[in-house]
Amino acid sequence: MQINKVAAGIAEKFRQAFNSEPLVVRSPGRVNLIGEHTDYNGGFVLPAAIDKAVYVALGKSNDDMCQFIAADMQEQYSGNINNLKKIERHWYDYINGVVDQLQKAGYTIPGFNCVIGGDIPTGAGMSSSAAVECAVLYALNETFHLKLDTLSMVKLAQKAENEYVGVQCGIMDQFASMFGKKGNVIKLDCRSLEFEYTPFVTDDIKIVLFDTNIKHSLASSEYNTRRLQCETGVAMIQEFHPQVKTLRDANMDMLTKYVLPKDKVVYDRCRYVVEEIQRLQAACIDLVHNDRVAFGKKMYATHEGLSKLYDVSCRELDFLVEFVKNEKAVLGARMMGGGFGGCTINLIKEGAIAEIAARIAKAYQDAFNMEMKMYVTQIEDGTNIINVHHYAAQL
Ligand code: GLA
């Protein structure tokens with residue numbers, strides 16, 4: 001019912017503002033079970049779309065003018081479709097970035113209006129920005145009959161983030177938002193872009209996010225630095241092994257021989273990535289055997305690597321992972337996403353969630369004088385059109 005109400009509310013705002021009927025698209029946030037900072041290194045990731053989403057109600061305007069309304073923030077942006085202005089990391093940059101990419105790809109986009117909103121907490125590492133890009137792109141593709149297939153939309157949304165917003169992100173977030181499938185995680189090979197769905201059985205365990213409430217402000221600059229460090233490591237190996245194109249092609253032996261003697265920090269970064277790519281492969285075998293204990297242990301190992309070698313964690317994230325480590329009902333936990341704040345992802349036996357959450361929230365408050373939020377997530381379908389009339393009738 002939650003989804004329905006949000007979507008219906010956004011559609012209604014559109015009708016009031018623009019006096020016409022919009023197309024409504026839902027695009028979800030994502031979790032990633034394991035495989036962090038591997039996407040831009042040609043490795044694997046294991047994300048899933050969740051039950052928190054961005055909704056966009058969108059329709060043509062009658063001229064070149066556009067008006068975008070952020071329902072939750074009471075903010076709006078107006079501009080000419082041929083001259084949309086960028087304001088650093090503002091919500092409408094993600095809309096304008098998508099338009100910019102479509103225009104660069106040779107599409108003529110007429111003026112349009114939209115109302116955007118949803119329930120993905122921003123800065124919590126659930127990829128609200130990718131969800132905005134995917135929602136708007138999907139809606140534009142439908143409205144203006146651009147005939148883009150899903151993978152082309154994913155790539156274009158990622159490019160918008162890389163070139164317009166300026167974060168050199170990999171493809172995981174946009175891919176998960178668009179291709180998500182209810183009840184399944186996506187094993188995505190970020191080199192070939194081949195993927196498969198694996199059912200993720202959650203009858204007795206839930207995917208629980210503990211939110212540090214720290215907004216990852218360092219994230220974009222440090223993220224780009226990590227990416228460069230990985231590329232530096234690859235270049236060092238390439239002198240001796242020209243066939244190595246990304247860290248996916250590298251192994252520990254190469255790192256020890258060609259990277260460690262030159263730069264310890266670059267070595268640590270690359271070591272984490274090479275280990276994580278292997279760890280994910282092993283974790284997928286755990287999934288096939290439904291060995292969630294082994295899977296959970298690998299999540300803890302990932303956190304260790306992200307914290308100590310890749311150096312993208314923070315005190316608050318480490319605290320939340322450390323706290324649950326000896327809890328029998330918690331199978332695994334680690335920081336999730338780019339890092340420097342946001343959430344930890346935890347696999348917790350359902351019956352124990354409330355009790356653990358109460359204890360950890362209190363401990364977090366005592367340690368940092370800050371509130372910790374919790375989200376119990378469900379794995380849902382990826383980007384789709386919402387029939388708001390159907391929902392309006394149910395309200
Ligand atoms: C961010 C990026 C993704 C990915 C993760 C780390 O969410 O947008 O492409 O690199 O960080 O795994």
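None of the values given here were measured: they were computed from a predicted structure.

Novice: Explanation requested: the site of the ligand in the structure shown.
Specialist: What surrounds the ligand is the set Arg30, Glu36, His37, Asp39, Tyr40, Cys169, Gly170, Met172, Asp173, Tyr223, Gly337 and Gly338. Arg30 places a side-chain nitrogen or oxygen 3.1 Å from an oxygen atom of the ligand. Contact distances for the ligand include 2.6 Å between an oxygen atom and a backbone N or O atom of His37. The fraction of the free accessible surface of the ligand (310 Å²) that becomes covered by protein chains is 92%. Broken down by class, the residue content of the shell around the ligand amounts to 4 nonpolar, 4 polar and 4 charged.

Novice: Hey, could you run me through helix α9 (residues 292-309) in this one?
Specialist: It helps to recall that an α-helix has 3.6 residues per turn; residues three or four apart then point in one direction. The end-to-end C-alpha distance of α9 is 25 Å, a good match for the 26 Å that 18 residues give at a rise of 1.5 Å each. Within α9, 13 of the 18 residues are buried, which leaves the element mostly enclosed by the surrounding structure. Immediately downstream of α9, the backbone of Asp311 shows phi near 55°, a positive value.

Novice: Is there a simple way to think about the sheet that holds strand β7 (residues 184-189) in this case?
Specialist: Strand pairing within a sheet occurs via backbone hydrogen bonds; the two strands may be parallel or antiparallel. What the 3 strands build is an open sheet, ordered β2-β7-β8; its pairing is antiparallel. Every other strand in the sheet has two partners, leaving β2 (44-45) and β8 (195-199) as the edge strands with one partner each. As judged from the 2 bridges shared by β2 and β7, these two strands associate in the antiparallel manner. Bridged to Phe44 within β7 is Asp189.

Novice: For this particular structure, what's the right way to read the domain arrangement of the protein chain?
Specialist: How big an interface is tends to be reported as the loss of accessible area on association of its parts. Partitioning the protein chain into structural domains gives domain 1 (2-200 + 380-394) and domain 2 (205-377). In this structure, domain 1 and domain 2 have C-alpha centres spaced 26 Å apart. Counting residues at the interface gives 38 residues for domain 1 and 46 residues for domain 2. Counting the surface lost from both domain 1 and domain 2, the interface buries some 3,400 Å², and carbon and sulfur atoms represent 65% of this. Remark: the boundary between domain 1 and domain 2 carries 3 salt bridges. Between Arg191 and Asp249 there is a salt bridge, with the nearest N and O atoms lying 2.6 Å from each other. Between domain 1 and domain 2 we count 22 residue pairs in polar contact (both at pLDDT 80 or more) in total. The set of elements that each furnish at least two residues to the side of domain 1 that touches domain 2 consists of β1 (23-32), β2, β3 (47-60) and β7. A per-class count over the side of domain 1 that touches domain 2 returns 15 nonpolar, 14 polar and 9 charged.

Novice: Teacher, can you tell me more about the sheet that holds strand β10 (residues 330-335) here?
Specialist: The sheet built from 4 strands is open, its strands ordered β10-β11-β9-β12 with antiparallel pairing. Sheet topology places β10 and β12 (373-377) at the edges, where each strand pairs with a single neighbour. Going from strand to strand, the sheet's axes swing by 20° on average, the running direction of each strand aside. Bridging between strand β9 (residues 205-211) and β12 involves 5 bridges; their strand directions are antiparallel. Across the sheet, Phe210 pairs through a bridge with Met374, a residue of β12. Where helix α10 (residues 315-324) meets the sheet, it contacts β9, β10 and β11 (343-349), and its direction lies at approximately 170° from that of β10. The strands touched by helix α11 (residues 353-368) are β9, β10, β11 and β12; relative to β9, the strand with the most contacts, the crossing angle is about 15°.

Novice: For this particular structure, what's the right way to read the nonpolar core?
Specialist: Generally speaking, nonpolar side chains in soluble globular proteins are found buried as a group. Of all hydrophobic cores here, the largest spans 107 residues; its most connected members are Phe112 and Leu140. Ranked by residue count, the leading element in this core is helix α8 (residues 264-288), at 11 residues. When residues of this core are assigned to domains, at least three map to each of domain 1 (2-200 + 380-394) and domain 2 (205-377). If you look at the next biggest cluster of nonpolar residues, it comprises 18 residues, including Tyr300, Ala329, Ala357 and Ile360.

Novice: How do you make sense of unusual backbone geometry when you look at a structure like this?
Specialist: Excluding glycine, residues mostly carry a negative phi; peptide bonds, for their part, are mostly trans. Positive phi is not limited to glycine here, since His37 has a value of about 60°. With relative accessibility at 4%, the residue His37 sits in the buried group. Backbone geometry places Asn290, a non-glycine residue, at a positive phi of 55°. Residue placement: Asn290 occurs in the loop between α8 and α9. For Asn290, a relative accessible area of 43% puts it in the partly exposed group.

Quick notes on the rules
Residue positions are given per chain, counting from 1 as you read along its sequence in written order. At least 70 in pLDDT is required for a residue's local features to be given in this predicted model, at least 80 for side-chain atom pairs to be given and counted, and no such filter applies to totals for whole chains, interfaces and linings, which use all residues. Each side-chain value is derived from all of the structure's non-hydrogen atoms; neither hydrogens nor water enter the calculation. Proximity is defined per residue: any heavy atom of the residue falling within 4 Å of a molecule or strand makes that residue near it. Each polar contact in these results corresponds to two N or O atoms within 3.5 Å; when the atoms are within protein, one needs to be able to donate a hydrogen and the other to accept it, and residues that are neighboring in sequence are counted only if both atoms are side-chain atoms. Each accessible area is a Shrake-Rupley result for a 1.4 Å probe, and residues are judged covered by the shown protein chains and nothing else. As a working rule, the residues Ala, Val, Leu, Ile, Met, Phe, Trp, Tyr, Cys and Pro are called nonpolar, Asp, Glu, Lys and Arg charged, and the rest polar, with Gly in that last group. Each helix corresponds to a stretch of at least 4 residues labelled H or I by DSSP, and each strand to a stretch of at least 2 residues labelled E; elements are numbered beginning at the N terminus. Multiplying one less than the number of residues by 1.5 Å gives the expected span of a helix. For every residue, the accessible area obtained with a 1.4 Å probe (protein chains only) is divided by the maximum for its type, and the residue is called buried under 20%, exposed over 50%, and partly exposed between those limits. Following DSSP output, two strands are said to pair if at least two bridges run between them. Note: domain ranges come from an automatic or database domain assignment. Contacts are assigned to residue pairs with any non-hydrogen atoms lying within 4.5 Å of each other. By definition, the buried area sums, over both parts, the 1.4 Å-probe accessible area that each loses when the two are put together. Between Lys or Arg on one side and Asp or Glu on the other, a salt bridge is scored when a side-chain nitrogen of the former is within 4 Å of a carboxyl oxygen of the latter. Here, axes are lines fitted to C-alpha atoms. For helices the fit covers the stretch in contact, and angles between N-to-C directions go from 0 to 180 degrees. Note on terminology: a nonpolar core comprises buried Ala, Val, Leu, Ile, Met, Phe, Trp, Tyr and Cys residues joined through side-chain atoms within 4.5 Å.

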